[in-house]
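# Chain and residue survey
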Amino acid sequence: MTTVDPTDLVPLETACEWRAADIGDDYVVTLPEAHVAELDAALVNAEAATDDVLDITRADFPLPTLAPVLAEITDELINGKGVVLIRGLPVERYSKERASSIYWGIGAHLGDPWPQNAKGHLLGDVTDQGRAVDDPTARGNEIGGVPFPFHSDGSDLVGLFCLDAGASGGASLVANVVSIHNELVHTAPELAAELYAPFPYDLRGEQAPGARSWYEMPIFNRRADRLFVRYIRPYIISAGRHADAPPVSAAAREAMDRVDALCADPDFHVSMTMQPGDMQFVNNYHVLHAREGYTDDRANGRVRHLKRLWLETDLLADGDKPERFRLGRTDNWWSRQGRTKSEIVI
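Residues numbered from 1 in each chain as written. Predicted model: local features only at pLDDT ≥ 70, side-chain atom pairs only at ≥ 80, totals over all residues. Heavy atoms only, no water.

## Considerations on the environment of Pro 68
As a reminder, the rule being used: Labels follow the DSSP assignment, with helices taken as runs of H or I lasting at least four residues and strands as runs of E lasting at least two, numbered in each case from the N terminus. For every residue, the accessible area obtained with a 1.4 Å probe (protein chains only) is divided by the maximum for its type, and the residue is called buried under 20%, exposed over 50%, and partly exposed between those limits.
Mapped onto the secondary structure, Pro 68 falls in helix α3 (residues 66–79). Using a relative accessible area of 44% as the deciding quantity, one classes Pro 68 as partly exposed. In this structure the C-alpha to C-alpha distance between Pro 68 and Ile 106, which are 38 residues apart in sequence, comes to 12 Å.

Rendered as structure tokens:
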């Protein structure tokens with residue numbers, strides 16, 4: 001049952017709203033040859049500094065003229081459209097390892113890497129890893145072929161880098177959930193209020209030993225005048241396998257159905273077929289992303305393979321976020337950087 005009065009809800013961050021007809025292809029940034037050359041030089045510099053991609057820092061990857069562009073992209077992700085596709089890296093020039101180092105270096109200019117699972121993986125592989133879609137412990141990046149519904153992930157920014165697009169399909173869909181939130185506030189405030197109430201999320205077997213196997217948080221969250229969204233409906237559904245998880249009410253399911261319907265509406269999302277070398281970055285709190293089904297052709301070496309980054313940006317300090325979105329950490333990468341930060345446990 002919701003504890004939020006629908007009459008108290010107001011539209012948030014209207015400057016970040018967009019509709020598909022308005023955004024067009026304005027989210028695409030194409031690298032000129034001069035920036036590609038700068039990336040090549042930065043890669044050589046980084047390889048001289050370290051042989052471990054995870055140890056490449058922003059200082060190891062200098063980008064004299066591209067770095068200001070990446071700073072503008074970060075601002076656009078947090079305070080603007082929330083989605084950017086960087087295109088133009090000639091990925092065929094590099095091995096997968098060297099291309100991934102370039103991706104990591106670009107990511108270092110956007111934020112700090114954030115662990116993507118309990119094992120602390122920082123540079124994830126999104127490819128068919130043979131996990132079944134009905135396995136309640138499988139992560140989305142491990143499941144191949146099937147479409148994924150609109151959802152969010154677990155950091156400020158989420159990046160995908162296409163190494164191989166596979167044989168066919170696999171378009172990436174990005175929906176503006178700020179527009180969806182504000183649409184619901186205007187047209188169905190009682191449903192918007194349901195989404196401000198806590199929902200159970202399955203931890204998919206990644207909870208700490210002895211800890212509860214699910215956590216609770218709302219789908220819509222407000223901090224000052226900012227909107228923060230977390231929505232992973234498959235995890236909400238699979239939380240029902242835990243006897244102590246609270247049930248989801250019919251009203252809450254209706255509210256989620258409305259979010260899903262608006263995400264699927266072509267007016268609220270853009271579709272992009274990522275090409276090898278493309279890098280997509282999104283604001284994890286302002287957009288929801290999905291994937292259409294795809295086909296691999298292993299016999300001919302066409303296997304869809306993306307690298308994934310989760311990033312924490314300095315443009316959003318912990319004090320700017322609701323408590324559940326504050327990215328405390330004690331992982332090995334953070335310790336190797338000589339940093340300290342209190343741990344937030346979900």
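## Structural notes on the packing of aromatic side chains
Just so we agree on the cut-off: To pair, rings of Phe, Tyr and Trp, with the six-membered ring standing in for Trp, must have centres within 6.5 Å; the planes then decide the type, stacked if under 30 degrees apart, edge-to-face if over 60, and tilted in the middle. We call a charge positioned above a ring when the Lys NZ or Arg CZ atom is no farther than 6 Å from the ring centre and deviates by at most 35 degrees from the ring normal.
One pass over the full model with this rule turns up seven aromatic pairs. Positioned above the aromatic ring of Trp 214 is the side chain of Arg 212, whose terminal nitrogen or guanidinium carbon lies 3.7 Å from the ring centre. Sitting over the ring of Phe 148, Arg 291 keeps its end group 3.8 Å from the ring centre.

## Focus: the state of the cysteines
Covalent bonding between the sulfur atoms of two cysteines is what defines a disulfide. We count it as follows: The criterion for a disulfide is a pair of cysteine sulfur atoms lying within 2.5 Å.
According to the stated counting rule, one finds zero disulfides in the structure shown. In this structure Cys 263 is not part of a disulfide, and its nearest cysteine sulfur, from Cys 16, lies 16 Å away. Overall, the relative accessible area of 0% leaves Cys 263 in the buried class.

## Describing the sheet that holds strand β5 (residues 148–151)
To keep it simple, the criterion reads: A pair of strands is labelled paired if DSSP reports no fewer than 2 bridges between them. Orientation is described by lines fitted to C-alpha atoms, with helices fitted over the stretch in contact, and by angles between N-to-C directions that extend from 0 to 180 degrees. Residues count as neighbours in contact if any of their non-hydrogen atoms are within 4.5 Å of one another.
With antiparallel pairing, the four strands of this open sheet are ordered in space as β5-β15-β8-β13. Among the strands making up the open sheet, the edge pair consists of β5 and β13 (269–272). In this sheet, neighbouring strand axes are inclined to one another by 15° on average, regardless of whether the strands run parallel or antiparallel. Note: strand β8 (residues 172–176) against β13, four bridges, orientation antiparallel. Bridge pairing in β13 links Val 174 to Val 270. Along the sheet face, helix α5 (residues 177–187) touches β8 and β15 (287–291) and points at about 40° away from the line of β8.

## Re the pattern of salt bridges
Heads up, the rule is: Salt bridge, as used here, is a side-chain nitrogen of Lys or Arg placed within 4 Å of a carboxyl oxygen of Asp or Glu.
Here the structure, examined in full by the defined rule, presents 16 salt bridges. Between Asp 267 and Arg 19 there is a salt bridge, with the nearest N and O atoms lying 2.6 Å from each other. You can see Asp 267 sitting in the loop between α8 (250–264) and β13 and its partner Arg 19 sitting in the segment before α1 (20–23), a full 248 residues away along the chain. Since its relative accessible area comes to 29%, Asp 267 is described here as partly exposed. A relative accessible area of 25% means that Arg 19 is categorised as partly exposed. In this structure, Arg 302 and Asp 164 form a salt bridge, with 3.4 Å as the shortest nitrogen-oxygen distance. A residue pair is termed long-range when its members are at least 10 positions apart, and Arg 302 in the loop between β16 (294–295) and β17 (305–312) and Asp 164 in strand β6 (residues 157–164) qualify at 138 residues.

## Digging into α8
What counts here: A helix is expected to reach a length of 1.5 Å times the quantity of its residues less one. In this context, the arc is that of the directions from the helix axis out to the C-beta atoms.
Here α8 contains 15 residues, and its C-alpha end-to-end distance of 21 Å stays within 8% of the 21 Å for a straight helix at 1.5 Å per residue. Of all the residues in α8, the buried ones are Ala 252, Ala 255, Met 256, Val 259, Leu 262 and Cys 263. When α8 is viewed along its axis, its buried side chains cluster within an angular range of 120° and face the same direction.

## What about the packing of α3 against helix α4 (residues 96–110)?
Our working definition: Helix crossings are classified by the rotation of the near helix relative to the far one: an anticlockwise turn of less than a right angle makes the crossing left-handed, while a clockwise turn makes it right-handed. Residues are grouped as follows: Ala, Val, Leu, Ile, Met, Phe, Trp, Tyr, Cys and Pro are nonpolar; Asp, Glu, Lys and Arg are charged; every other residue, Gly included, is polar.
Two elements in contact, α3 and α4, have axes whose closest approach is 9 Å; the angle formed by their N-to-C orientations is 65°. For the element pair α3 and α4, the recorded crossing hand is right-handed. Only Ile 106, His 109 and Leu 110 of α4 make contact with α3, whose side of the interface consists of Ala 67, Leu 70, Ile 73 and Thr 74. When its residues are assigned to classes, the contact of α3 with α4 shows five nonpolar, two polar and no charged.

## What to know about unusual backbone geometry
At Arg 204, a position not held by glycine, the phi torsion is positive, near 55°. Residue placement: Arg 204 occurs in the loop between β9 (198–202) and β10 (214–218). Positioned with a positive phi, Ala 224 is a non-glycine residue whose angle comes to about 55°. Positionally, Ala 224 belongs in the loop between β11 (220–223) and β12 (226–229).

## Digging into α5
Spelled out, the test is: Residues adjacent in sequence count toward polar contacts only when both atoms are side-chain atoms; beyond that, a polar contact is any pair of N or O atoms within 3.5 Å, and within protein one must be able to donate a hydrogen and the other to accept it.
Counting buried positions along α5 yields eight of eleven residues, so the element is predominantly enclosed. Where α5 is concerned, the buried positions are Val 177, Val 178, Ser 179, Ile 180, His 181, Asn 182, Leu 184 and Val 185. Along its buried surface, α5 packs onto β8, α6 (189–195), β11, β12, α8 and β15. At the N-terminal boundary of α5, the capping side chain belongs to Asn 176, with an oxygen 3.2 Å from the backbone nitrogen of Val 178.

## Here we look at the side chain of Asp 202
Within the element layout of this structure, Asp 202 appears in strand β9. Here Arg 204 takes part through its backbone nitrogen, which lies 2.9 Å from a polar atom of the side chain of Asp 202. In this structure, Asp 202 is in contact with Pro 136, Ser 213, Trp 214, Tyr 235, Ser 238, Ala 239, Arg 241 and His 242, ignoring residues within four places of it in sequence.

## Re the packing of helix α2 (residues 33–49) against α4
Heads up, the rule is: Orientation labels follow simple angle bins: below 35 degrees gives roughly parallel, above 145 gives roughly antiparallel, 65 to 115 gives roughly perpendicular, and whatever is left gives oblique.
Where α2 meets α4, the closest approach of the two axes is 10 Å, and the angle between their N-to-C directions is 100°. Compared by their axis directions, α2 and α4 come out roughly perpendicular. When α2 is examined against α4, the residues Leu 39, Leu 43, Val 44 and Glu 47 are found in contact with a partner set consisting of Arg 98, Ser 101, Ile 102 and Ile 106. Split by residue class, the contact of α2 with α4 holds five nonpolar, one polar and two charged.

No statement about biological role is implied by the geometric values presented.
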